[in-house]
Amino acid sequence: MNLTELNKIARGMVAPGKGILAADESTGTIKKRFDAIGVESTTDTRRDYRELLFRSNEAMSKYVSGVILYDETIRQKAKDGTSLVKLIEQAGSIPGIKVDKGSKPLPGCPGELITEGLDGLRERFIEYRQLGARFAKWRAVIDIGPGIPSYTCVSTNAEALGRYAALCQEQDIVPIVEPEVLMDGDHDMDRCYQVTEFVLKEVFQQLYYQKVALEGMVLKPNMVVPGKKSSKQASVEEVAERTIKLLKNCVPPAVPGIAFLSGGQSDEEATAHLDAMNRHGDLPWRLTFSYGRALQAAPQKAWSGKNENVAAAQRAFTHRALMNSLATLGQWKADLERKAA
Ligand code: 5MM
């Protein structure tokens, strides 16, 4: 493992003013996104859509430090024959790859999931590195509900994240470690705090047991938010304060950066929360975004599968990327959203 190189890439992924575009929707997930905008999901439409994003020059060169790709996308070529990886590199952004193979029911734990994909992972890393990936991502999914998550679910997922991260670093690829506590339920913010704390403690324990160098990784957690169906919602400041408190209690300062997932928050909420956290200052790690939906919902809607909408979709993407870039610096203002509208 070349820790100097891993640390350099990890720091580049969380560079001030920049964050990560999560464009690694698996075929099933991108189909759902395309269904919502009335676009048929085919190899070509998926390519056209992602090409549009990666050719958004201002966004990609100024605000996007790296892009998480899906297995299909890392092998695809743009219409003019340039590989999509090359487009990302030409913009000065770093290509990355999702390597988990999704989540499946966890035996003995009704309603809970375990992320799969460890078999053959070393060999897949070797190929992905040749294809240009410099970092990778693995997502564990933890749901909150009556009696869940179980210790079995949290510990088996944490162990898999540790195994993945260790293999990643062995191949000089920076692991993004993503334990996502879902915000789908009716639980309150305290419950989200307790469960996320439990999950992060287990994950960092496993990273330690499995000899993962914290300087060469990026954490991708959820923020501390109430469940979407909770009757008690929270202010931006409450989310920022609770999330920072939690992270300070769980994430060692050796980790160069934390790149949040948006998890179903609205575009503006995800930006406002990140901004409020960065306004606190005096944090031991860089805080940035690794958003999927909160960066892509607007461009997807603007595009709607039509060639004549490509420029509008690129503008929508650039706007969200700029808003989140400002949020990484604690310089976002709500009026900037209004002005753009
Ligand atoms: C972009 O979506 C990613 C892949 O999801 P599937 O494996 O379900 O296709 C997903 O892991 C994403 O990177 C994270 O959930 C963060 O995205 P959000 O939309 O929560 O910011």
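Above this text is the structure in question.
If you're wondering where the values come from, they're calculated on a predicted model, not measured in any experiment. (Residues numbered from 1 in each chain as written. Predicted model: local features only at pLDDT ≥ 70, side-chain atom pairs only at ≥ 80, totals over all residues. Heavy atoms only, no water.)

Colleague: Go over the pairing of strand 3 (residues 94-98), please, and point to the residues and values.
Modeller: The buried fraction of strand 3 is high, at five of five residues. Of the two faces of strand 3, both are covered, the one formed by I94, G96 and K98 as well as the one formed by P95 and I97. By the bridge criterion, four bridges tie strand 2 (residues 64-69) to strand 3 in an arrangement that is parallel. Bridge pairing in strand 3 links G66 to I94. Here three bridges tie strand 3 to strand 6 (residues 135-142), and the two strands are oriented parallel to one another. Across the sheet, G96 pairs through a bridge with F135, a residue of strand 6. (Buried < 20%, exposed > 50% of the residue type's maximum accessible area, 1.4 Å probe, protein only. Helix = DSSP H or I, 4+ residues; strand = E, 2+ residues; numbered from the N terminus. Pairing = 2+ DSSP bridges.)

Colleague: For the site of the ligand, give the residues involved together with the corresponding values.
Modeller: The environment of the ligand is formed by 17 residues, the closest being S26, T29, K137, S262 and G263. In the environment of the ligand, an oxygen atom lies 2.8 Å from a nitrogen or oxygen atom belonging to the side chain of K98. With respect to the ligand, the side chain of S262 contributes an N or O atom lying 2.5 Å from an oxygen atom. Burial of the ligand by the surrounding chains reaches 90%, relative to a free accessible area of 500 Å². Elements with a minimum of two residues in the shell around the ligand: strand 6 and strand 7 (174-181). Of the residues assigned to the shell around the ligand, the class counts are three nonpolar, five polar and nine charged. (Near = heavy atom within 4 Å. Polar contact = N/O pair within 3.5 Å; in protein donor to acceptor, adjacent residues only side chain to side chain. Areas by Shrake-Rupley, 256 points an atom, 1.4 Å probe, with all protein chains shown as cover. Nonpolar A, V, L, I, M, F, W, Y, C, P; charged D, E, K, R; others polar.)

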